[in-house]
Amino acid sequence: MNRIAENFFDLEVMAKYLPSILDGVLVTIQLAILIVLSGLALGFVLAVVRAFQIRAVNWLIVLVVDAFRALPPIVIMIVFYFALPFVGISMSGFVVAWLSLTLVLASFAEEIFWTGILSVDRGQWEAARSTGLGFLQTLRDVVLPQAVRLTIPPLTNRTIVITKSTAIASVVAVPEILTQASAAQAFSANTTPLMMAAVAYLVIFLPLVVLSRWVESRFGWKR
Amino acid sequence: MLELEAVRKSFGAIEALKGIDLLVARQELVFIIGPSGSGKSTLLRCCNRLEEPTAGRVLVDGVDIVSPDVDINEMRRHIGMVFQSFNLYPHLSALGNVTLALRRVLKMPRDEANERGRAALDGVGLAERADAYPNELSGGQQQRVAIARALALEPKVMLFDEPTSALDPELVGSVLDVMRTMRESGMTMLVVSHEMGFAREAADRVLFMDEGEVVEAGSPARIFESPEHARTREFLRRVTGH
């Protein structure tokens, strides 16, 4: 019992490293917010572009999206961070983490939005077009509002999975929670900081999970 | 008002319409009957280019809507369409369904659109359900909202694609009542339907279609009492059950 307390809940260690863990919390939150905003926006735009059914463009979208869905995020980050400088593209760890996870989230989001667009009944398109609405008007006012509702549950799940993988950014030296905690653990020769990191992740992501439940019920169909 | 000249439509190797000529005069109600797969829905959908005819001309009030330089969105608001499956927008209220095109296509301000939308809903007897969502309405009410959605644009001609086929029998009457009122107010209507009773009572002319062709056409009395073609007789015997 004592061993557990010493190794996981050492108050002295906690007090000493709390500031640096909190710094990490800030970085994680910033990174997560940026990824959610840019990832969902990019995914949405790609799905809308795909709705235009321009063959060459769609091939390109599918190719890129499939690649980013297949690659492990950690591999993408390492390639961006360690390989791209050799071709003259140098980005900070933060930018690499943001860009990598944005592309991954956008890829999944694009597929989810696209499935949503496809699942809107053809009759909806026909009804709207028969009243004189154009393609874009139909997409915006009739199809997308329905498609987005259908996509909210898979989208919130995927968003959570990807934003919490900001922890991987520790491999490219982003001072987020896990990086700070690992450093603190090394300095203090005690695993308490890892416990603090776990708690910090819960504090950040549990509300997100709860929020997603609320969003899912809020935007469900009135039955 | 609505004129089809040698309209053909092929889906791959299958010829769904084999050269249809049809003239629907102003204020006329023309009924199309025929077995499923006879091309009657395809014909109707060619009239607002939901299906692109493979050949031929479709004139609405003198304008060939198949011509490449016609603004089809501008033309479509003059051609109302009612679908078998209603196709109401589930995320909008009844009023929202009716006013969407008023605001987006006719660019009406919200107040004006709502006023006209409420009037259109009133016209189909649903003024008090303006704020209801489609899933809160019965099938008959949904179809009447769909009719109001088309009528609000004040079309020159209305197309009905089996408007009562998806309805429970006790709800059919309410939709037919609305169509009867439209007819009395002088709307030009082209109706694909199996409601033979309604055709007999309300139609000016009845067309019998089979295998992509108009087999025969005439007054309801002529088609129903003394059909000339064996195929018509056979079809009528099957649908009326004697």
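Heads up: these notes are all about the structure in this document.

Reading the values: the criteria
- Residues numbered from 1 in each chain as written.
- Chains lettered and ligands numbered in written order.
- Predicted model: local features only at pLDDT ≥ 70, side-chain atom pairs only at ≥ 80, totals over all residues.
- Heavy atoms only, no water.
- Helix = DSSP H or I, 4+ residues; strand = E, 2+ residues; numbered from the N terminus.
- Buried < 20%, exposed > 50% of the residue type's maximum accessible area, 1.4 Å probe, protein only.
- Contact = heavy atoms within 4.5 Å.
- Axes fitted to C-alpha atoms, helices over the stretch in contact; angles between N-to-C directions.
- Left-handed = near helix turned anticlockwise from the far one by under 90°.
- Buried area = accessible area lost by both parts, 1.4 Å probe.
- Salt bridge = Lys/Arg side-chain N within 4 Å of Asp/Glu carboxyl O.
- Pairing = 2+ DSSP bridges.
- Expected span 1.5 Å × (residues − 1).
- Patch = residues over 30% accessible without salt bridge, like charges linked within 9 Å, V, L, I, M, F, W, Y side chains within 5 Å.
- Areas by Shrake-Rupley, 256 points an atom, 1.4 Å probe, with all protein chains shown as cover.
- Phe/Tyr/Trp six-rings, centres within 6.5 Å; stacked < 30°, edge-to-face > 60°.
- Lys NZ or Arg CZ within 6 Å of the ring centre and 35° of its normal.

Summing up its helical and strand segments, chain A has nine helices and zero strands in all. Order of helices (α) and strands (β) in chain A, N terminus to C terminus: α-α-α-α-α-α-α-α-α. Residue burial in chain A is summarised as follows: out of 223 residues, 43% are buried. When contacts within chain A are restricted to residue pairs at least 6 apart in sequence, those whose partners lie at least 24 apart make up 76%.

Attention now goes to the packing of helix H2 (residues 11-51) of chain A against helix H3 (residues 55-70) of chain A. Residue and element names in this part refer to chain A. Between H2 and H3, the shortest axis-to-axis distance is 9 Å and the interhelical angle comes to 145°. The handedness of the crossing between H2 and H3 is left-handed. Residues Leu-46, Val-49 and Arg-50 of H2 pack against Val-57, Asn-58, Ile-61, Val-62 and Val-65 of H3.

A word on unusual backbone geometry. Unusually for a residue other than glycine, A:Gln53 sits at a positive phi of about 60°. A positive phi angle, near 50°, is found at B:Ala6, a position not held by glycine. Here B:Ala6 lies in strand S1 (residues 2-11). On the basis of relative accessible area, B:Ala6 is assigned to the partly exposed category, the value being 38%.

It is worth spelling out the interface of chain A and chain B at this point. The interface of chain A with chain B comprises 22 residues on the first partner and 24 residues on the second. Where chain A abuts chain B, roughly 1900 Å² becomes buried across the two surfaces, and 53% of that area is made up of carbon and sulfur atoms. Applying the counting rule to chain A against chain B returns two salt bridges. Measuring nitrogen to oxygen at the nearest pair gives 2.5 Å for the salt bridge that ties A:Asp141 to B:Arg104.

Turning to the pattern of salt bridges, a few remarks are in order. Per the counting criterion, the structure on display carries 27 salt bridges over all chains. Notably, a salt bridge pairs B:Glu28 with B:Arg205, separated by 3.0 Å at the nearest N-O pair. One end of the pair, B:Glu28, is in the loop between strand S2 (14-24) and strand S3 (29-33); the other, B:Arg205, is in strand S9 (residues 205-210), and 177 residues separate them in sequence. On the accessibility criterion, B:Glu28 (13% relative accessible area) is buried. Take B:Arg205: its relative accessible area is 23%, and that puts it in the partly exposed class. It is possible to trace a salt-bridge network through shared partners that takes in A:Arg122, A:Glu126, B:Arg45 and B:Glu51.

Attention shifts here to the sheet that holds S1(B). All names here are of chain B. Reading across from one edge, S2-S1-S4-S5 is the order of the four strands in this open sheet, with antiparallel pairing throughout. Edge positions in the open sheet fall to S2 and strand S5 (63-64), since each of these has one partner strand only. Relative to S5, strand S4 (residues 55-60) runs antiparallel, the two sharing two bridges. When the bridges of S5 are listed, Leu-59 appears paired with Asp-64.

With 27 residues, helix H5 (residues 93-119) of chain A should reach 39 Å at 1.5 Å per residue; the first-to-last C-alpha distance of 39 Å fits that figure. Of all 27 residues that make up H5(A), 19 are buried, and the element is covered over most of its length.

This part is about a nonpolar patch on the surface. All names here are of chain A. On the surface, Phe-44, Val-45, Val-49, Phe-52, Ile-54, Val-57 and Leu-136 cluster together into a nonpolar patch covering about 550 Å² of accessible area. A total of three residues in the nonpolar patch trace back to one element, the largest contributor, which is H2. In this structure, Leu-136 sits in helix H7 (residues 135-164). The exposure class assigned to Leu-136 is exposed, which follows from its relative accessible area of 52%.

Going through the model one piece at a time under the given rule, you end up with seven aromatic pairs over all chains. Plain terms: the ring middles of A:Phe44 and A:Phe113 are 5.3 Å apart, the flat faces sit at 85° to each other, and that makes the pair edge-to-face. With a gap of 69 residues between them, A:Phe44 in helix H2 and A:Phe113 in helix H5 connect regions that are remote in the sequence. For A:Phe113, a relative accessible area of 7% corresponds to the buried category. Ring plane angle 55° and centroid distance 5.1 Å describe the contact between A:Phe52 and A:Phe135, whose orientation is recorded as tilted. Within this pair, whereas A:Phe52 is found in the loop between H2 and H3, its partner A:Phe135 is found in helix H7, the two being separated by 83 residues in sequence. Assessed through its relative accessible area of 38%, A:Phe52 is described here as partly exposed. Taken together, A:Phe52, A:Trp125 and A:Phe135 form an aromatic cluster joined through their ring pairs. Residue placement shows A:Arg158 over the ring face of A:Phe108; its charged tip is 3.9 Å from the ring centre. The ring of B:Tyr89 carries B:Arg149 above its face, with NZ or CZ at 4.6 Å from the centroid.

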